[in-house]
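# Chains, contacts and geometry: an overview
One-letter residues, chain by chain:
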Amino acid sequence: MTPVAAQEFNALRDKWTVHFDDRMKETAFLDNLVVMMHKIDRDDDGVSQSEIDFFRARLLADKRANTVSGYLKYDLNGDFVINREEIATVSTARIAKRNRKRIRNSARIESKVQGILQLDPNQDGEITLQEIAAISTRSVPDGKNRQHEALLILEDLLELDPDKNGALSAYEAAGLLRAVLKDGTGPRVQTQNQGEQNVCEAPVASAEAEVHLVGASKGSGVSSVSVSGQDRLTSVAKINIEAGETPLYLILTSGSPIIWQLAGAVNRLENVVLSGPENDEGKIMAGATGLSDAKTTFVSSSKCIYQVTKRESVSNIRAWVQSTDLVGAATVEIHGHGSVHELALPSGKYLDQPSKAAAYGKNLSYVTSSVGGSDSSGHSPAIRQLMAGPVNRELKQVLQRFNPGGVVNVAKEAVSSDVEARYYELLPKEAGLAQLVAAGKLEPVRFGHRDVYRILDAIRVPSGLAGSQGVSFILPEGVAQPSGSLGHSLIITEENGEIDEADLFPPRGNLRY
């Protein structure tokens, strides 16, 4: 940073100190600033000076309107003039009847009357509409409340607009704000979260590297390997690294257990940091394939990096700030999505599901791809069972409706993870149903509003069959009661080879999806 720029930053820091002394922490102020920027930015292209001016004009107009209406509530005869008698009458009516004659309340009423009439410009005992308008203009604060203060700070930040395009994004504002408050000396490499014993640490990104922060709620595929135990879904999302010379540094976050499949020009990757939900031992339930353990780092706590979502939000801004601190980068490119099938980096091209040709083409298997091994070797027991029987086309469509990427055969040896990667014994959700059908333990009866299966042998119910993914099981006589959690699924006992059709569907209102 040049001496001139450092001097500007120090001047701003001194100017802003009042905003943080015993009033508001930096993170809270940043949250409020981002919320206000969303209100100000009318066309989602960043905050410009004209939009700040427009928003300030709206604040002043609202203040004037509130002031005028506050005075006119005393105008009982509707002549747009208020006088002593009207103010006293309205003020008295606001006091309970039993208290009106008390001396202290009489004094309070007189004080209210005097307080209003002392603002009368000509002191003639009456305040007209024109005089009220003049009073309302005088009473508007100039930078004396939080919103006006935030506008003044935004104007300061806009003068430092990094790309000089005349519009300030929330990420630019967050970066400038942090730089100013840290003496303009650059980002920290370590962050300490309140209440956390472990310091969040990660390798520092090189000066040449592009840093990309990626977030997904889940992947589109069902993994054959779990980093979340046997009773919770681990999904798979693919990141395709495009060819290029610039090194890439990735920070990957997720809202659920996930395995990131790294492919393409992975030699460009300088390091990959993974964050996500924690298990009961505080370990991150995430993994990656296609990269050596030496280039893979797991954060010590899920709070080190907030989950990134597909919308620009306060959470995203916090994650962006945390990322710049964590890896020592001046700026970070952010990619937030819901379900991810494939994401290309550094371009950011994104698919949330495979093409129809790939999903419903000639592939007649529930297993759509393999990671870390050939298609014919290294299969987990669940995958071998899934591939042993014929494919039910309707069941495959159900599976791909909820998991467009299908089942992904992942070799556990290929997974770098914070917890031990283990093969599923029984795949979760619809993949588990397909596995049981392929093994001859379940028989599809019908598909539709609620899918129905007949149990043919002792089974454990696949985990995760909740909400709209709940199904109905018909249990014939002589077949053992299923084990495992039913979620929102139902078991209907068949008696004398018959069942009541109404029992296959839960009563309305009994289930909350």
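See the structure printed just above.
Residues numbered from 1 in each chain as written. Predicted model: local features only at pLDDT ≥ 70, side-chain atom pairs only at ≥ 80, totals over all residues. Heavy atoms only, no water.

As a further point, take the pairing of strand 22 (residues 452–455). Bridge count for strand 21 (residues 442–446) against strand 22 is four bridges, and the pairing is antiparallel. Within the sheet, the bridge partner assigned to Arg446 lies in strand 22 and is Val452. A loop of five residues connects strand 21 with strand 22, the two strands running antiparallel in sequence. Summarising the sheet, strand 22 and strand 23 (residues 472–475) pair through three bridges and their orientation is parallel. Each residue of the ladder has a partner; that of Arg454, found in strand 23, is Ile474. (Pairing = 2+ DSSP bridges. Helix = DSSP H or I, 4+ residues; strand = E, 2+ residues; numbered from the N terminus.)

With that settled, consider the sheet that holds strand 21. Spatially, four strands are ordered 21-22-23-24 in an open sheet, and the strand pairing comes out mixed. Looking at which strands have only one partner, the edges of the open sheet turn out to be strand 21 and strand 24 (490–493). Shown here is a sheet whose adjacent strand axes are inclined to one another by a mean of 30 degrees, direction ignored. (Axes fitted to C-alpha atoms, helices over the stretch in contact; angles between N-to-C directions.)

Successive residues of a regular strand alternate their side chains across the two faces of the sheet. Here strand 18 (residues 407–410) shows no split at all, with Val407 and Asn409 on one side and Val408 and Val410 on the other all buried. With two bridges joining them, strand 5 (residues 221–223) and strand 18 adopt parallel strand pairing. The partner of Ser223 across the bridge, within strand 18, is Val408. (Buried < 20%, exposed > 50% of the residue type's maximum accessible area, 1.4 Å probe, protein only.)

With that out of the way, let us pick up the sheet that holds strand 8 (residues 248–254). The pairing of strands in a sheet comes from backbone hydrogen bonds and takes either a parallel or an antiparallel form. With parallel pairing, five strands are arranged side by side in an open sheet as 12-10-8-3-13. This sheet does not close on itself; its edge strands, each paired only once, are strand 12 (296–298) and strand 13 (333–336). Neighbouring strand axes in the sheet, compared pairwise and without regard to direction, differ in orientation by 20 degrees on average. In this structure, strand 3 (residues 210–216) lies alongside strand 13, joined through four bridges in parallel fashion. Within strand 13, the position partnered with Val214 by the bridge is His335. The strands touched by helix 9 (residues 314–327) are strand 3, strand 8, strand 10 (269–274) and strand 13; relative to strand 3, the strand with the most contacts, the crossing angle is about 140 degrees. (Contact = heavy atoms within 4.5 Å.)

On to the nonpolar core. Tyr249, Leu250, Trp260 and Val327 are the most contacted members of the largest nonpolar core, which has 70 residues in total. Here this core takes seven residues from helix 2 (residues 26–40), the largest share from any one element. Counting residues in each nonpolar core, the second largest holds 27 residues, with Ala382, Leu395, Leu436 and Val471 among its members. (Core = buried A, V, L, I, M, F, W, Y, C linked by side-chain atoms within 4.5 Å.)

Here we take up the side chain of His337. Along the chain, the position of His337 falls in the loop between strand 13 and strand 14 (339–340). Once you skip the residues sitting within four places of it in the chain, His337 turns out to touch Gly215, Ala216, Ser217, Thr309, Lys310, Leu343 and Tyr350.

Let us look at the environment of Leu262. Following the sequence through the fold, Leu262 ends up in strand 9 (residues 258–264). Each C-alpha atom, one on Leu262 and one on Glu342, is 9.9 Å from the other, the two residues being 80 residues apart in sequence. When neighbours within four sequence positions are excluded, Leu262 is seen to be in contact with Ile239, Leu250, Leu269, Val272, Ala288, Thr289, Gly290 and Leu291.

What follows is about the side chain of Ser220. With respect to the secondary-structure elements, Ser220 resides in the loop between strand 4 (218–219) and strand 5. The exposure class assigned to Ser220 is buried, which follows from its relative accessible area of 2%. Setting aside anything within four residues of it in sequence, one finds Ser220 in contact with Val236, Ser339, Val340, His341, Asp352, Asn403, Pro404, Gly405 and Gly406.

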